[in-house]
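Now for the letters of each chain:
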Amino acid sequence: MLWPSYRAGVGWKLKHLKFHNKMAIDTQLRFDPDALAQVAKDPCVKFVTHSINHQTIEVEKWIPTKKKGELYILRPKLRDRANPYVCTACGEPVLLKSNQHHHHFFSHLSEQAANNLGCPFRSGSKALTPEELDRIRYHGQREGVRHIRAKALIDRTLRADANFTEPIVDKVWKSFIEGWRKPDVRTTWLGDPIVFEVQISNTYPSVVAERTNFYRDNGTLLIWVFDKLPSEWRTLHADTFCANGQHLFVVDEESTSVSENSRKALLRTYRLKPEVVPTSNKIKGRLLLERQLTEMIGLVPFEEFQRNYEKQTLTLFNLEAEEKRIAQKVLCARSYANLDVNELHAQLGKITGTKDNTLAWAALVCAIESLRIGKPIVFKDFSPIQIVNAIHDHYQGVLVFVLIALSQTWSAKVNSSKWSKREQDFRRALLRNKTDEQFIPFIKLLSRLYPETDWEIELRKISPLSNSQEKAASH
Ligand SMILES: [Zn+2]
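Keep in mind that what you see is a predicted model, and the values were worked out from it rather than measured.

Student: Describe the sheet that holds strand β7 (residues 185-189), naming the residues involved and giving the relevant values.
Tutor: Taken together, the seven strands give an open sheet; going across it, the order is β6-β7-β8-β9-β10-β11-β12, and neighbouring strands pair in mixed fashion. Of all strands in the sheet, those with a lone pairing partner are β6 (168-169) and β12 (289-301), marking the two edges. Here β6 runs beside β7; their pairing, made up of two bridges, is antiparallel. Its bridge partner lying in β7, Val169 is registered against Val185. Running over the sheet, helix α6 (residues 145-159) touches β6, β7, β8 (192-199) and β9 (221-226) and is turned about 20° from β7. In this fold helix α11 (residues 253-262) packs onto β10 (247-250), β11 (266-278) and β12, with an angle of close to 100° to the strand it touches most, β11.

Structure, rendered in structure tokens:
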């Protein structure tokens, strides 16, 4: 019977080993410094911050990563003023304690002080919602090392530009309670109050919304700035980017030193601008227009931005207005290509008056877009002279505006020695036949679609005669 005795032998050995190990723990290693620490169930203080290196610790995640020995070494150090961990919410010093199960937790050095400050982590306070916890965690992260560096870069950038008053930078670590109404950097631009807030890793929509409302009510413009372009910005930074009309700002070493050298505050500005481009496929052999988002990034002087205190935006273009312009350009091209202006006339009828005028408007927009883009939009071929001739033959009422467009810096130029005389003839013909009233609706529409040109002034330049007629009429 070899088998049973073999089993018995193994059994004895296992029993013996267990007994041996148990004895060793009980008698020699009652406390194991290498064992991982355990966190007390539901600790009051959820986040603590090191007040010197500004690292914020999420207590329930951090304690279980530490060995018991490390924590017992740390405990007496926390009583030392030189190494102050503070509560992320109220900024009061905290102690590391352990309960009867030897599970660890942080508690305020002075519960009285935490109570007086209304700390959300004081013992006996109501449980916080995940959103409230997120906001406190977020605050802790913002106050980290990268955040301090970014504040210093903003400070240098603003100091470079004489239009900003001396920036006030908050340099001391701020608790959640005191922090959120103390902006990172405060200044004024030509007398108007502006605050800059640094955004490092996470955007909490509630924080952004709350602060935006606060500063709007106080007549101050709040500008969020990042310390680098995020690699996954589309999801991570979407809130700030969209709230600011598709513009996002970064300060870094390069933008700061260029600002200092040029004595102008520059922000690295990422933006997505909607634009019209020729359709990739021709329809009826002609190019139409379609909307496209163009990605742009570069250093932009602060003075070039439009500041909107009501919307709390700092932008190079008005997104809403651009979208409207684009929609109309796209519709004009489609209407002109199909010689069907019903939809366009329903939109513009009050301004243009007649469907003939609406069609002339659609043709004019296609002519201007052709000159601007350098490709024939709905027109058969692209040459400025052909476009002028086509408008002259069919839509004489708007020819003057094509001539104005041709004189603008953004327009393609006529490359012909005979052009000068032809242009003179065109102008003379225009002035014989036209009166100012006919131009008024088109000036209104052009000023909306191409605000970079002052169409009224350009019209006076091109037809001084019409000006004198007007004077004669008023006598
Ligand atoms: Zn506290």
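From this point, the discussion proceeds with the structure in view.
Student: Tell me about the sheet that holds strand β1 (residues 47-50), residues and numbers included.
Tutor: In a beta sheet, neighbouring strands are held together by backbone hydrogen bonds and run either parallel or antiparallel to one another. Taken together, the three strands give an open sheet; going across it, the order is β2-β1-β3, and neighbouring strands pair in antiparallel fashion. Only two strands of the sheet have a single neighbouring strand rather than two, namely β2 (56-58) and β3 (85-87). Averaged over all pairs of adjacent strands, the angle between their axes in this sheet comes to 35°, without regard to strand direction. Pairing between β1 and β3: three bridges, direction antiparallel. Note on β3: the bridge partner recorded for Val48 is Cys87.

Student: Would you mind going over the nonpolar core in detail, with residue names and values included?
Tutor: Counting 46 residues, the largest nonpolar core has Ala362, Ala363, Leu364, Cys366 and Val402 as the members making the most contacts within it. Contributions of two or more residues to this core are made by α12 (319-338), α13 (342-352), α14 (355-373), α15 (384-394), α16 (399-406), α18 (436-449) and α19 (455-462). Among the elements that take part in this core, α14 stands out by supplying 11 residues, more than any other. Residue assignment places this core across two domains, with domain 2 (142-317) and domain 3 (326-474) each supplying three or more. In terms of nonpolar packing, the next biggest core, distinct from the first, is built from 28 residues, Val185, Leu221, Leu222 and Leu266 among them.

Student: Account for α18, naming residues and giving values.
Tutor: Spanning 14 residues, α18 covers 20 Å between terminal C-alpha atoms, matching the ideal 20 Å at 1.5 Å per step. Taking the largest bend as the criterion, α18 deviates by roughly 30°, centred on Phe442. All of the buried residues along α18 are Phe439, Pro441, Phe442, Leu445 and Leu446. Packed against the buried residues of α18 are α13, α14, α16 and α19.

Thresholds, definitions, all that
Residues numbered from 1 in each chain as written. Predicted model: local features only at pLDDT ≥ 70, side-chain atom pairs only at ≥ 80, totals over all residues. Pairing = 2+ DSSP bridges. Helix = DSSP H or I, 4+ residues; strand = E, 2+ residues; numbered from the N terminus. Contact = placed C-beta atoms within 7 Å. Axes fitted to C-alpha atoms, helices over the stretch in contact; angles between N-to-C directions. Core = buried A, V, L, I, M, F, W, Y, C linked by C-beta atoms within 7 Å. Buried ≥ 20, exposed ≤ 12 C-beta atoms within 10 Å, placed from the backbone. Domains from an automatic or database assignment. Expected span 1.5 Å × (residues − 1). Bend = angle between axes of the 7 residues up to and from the residue.

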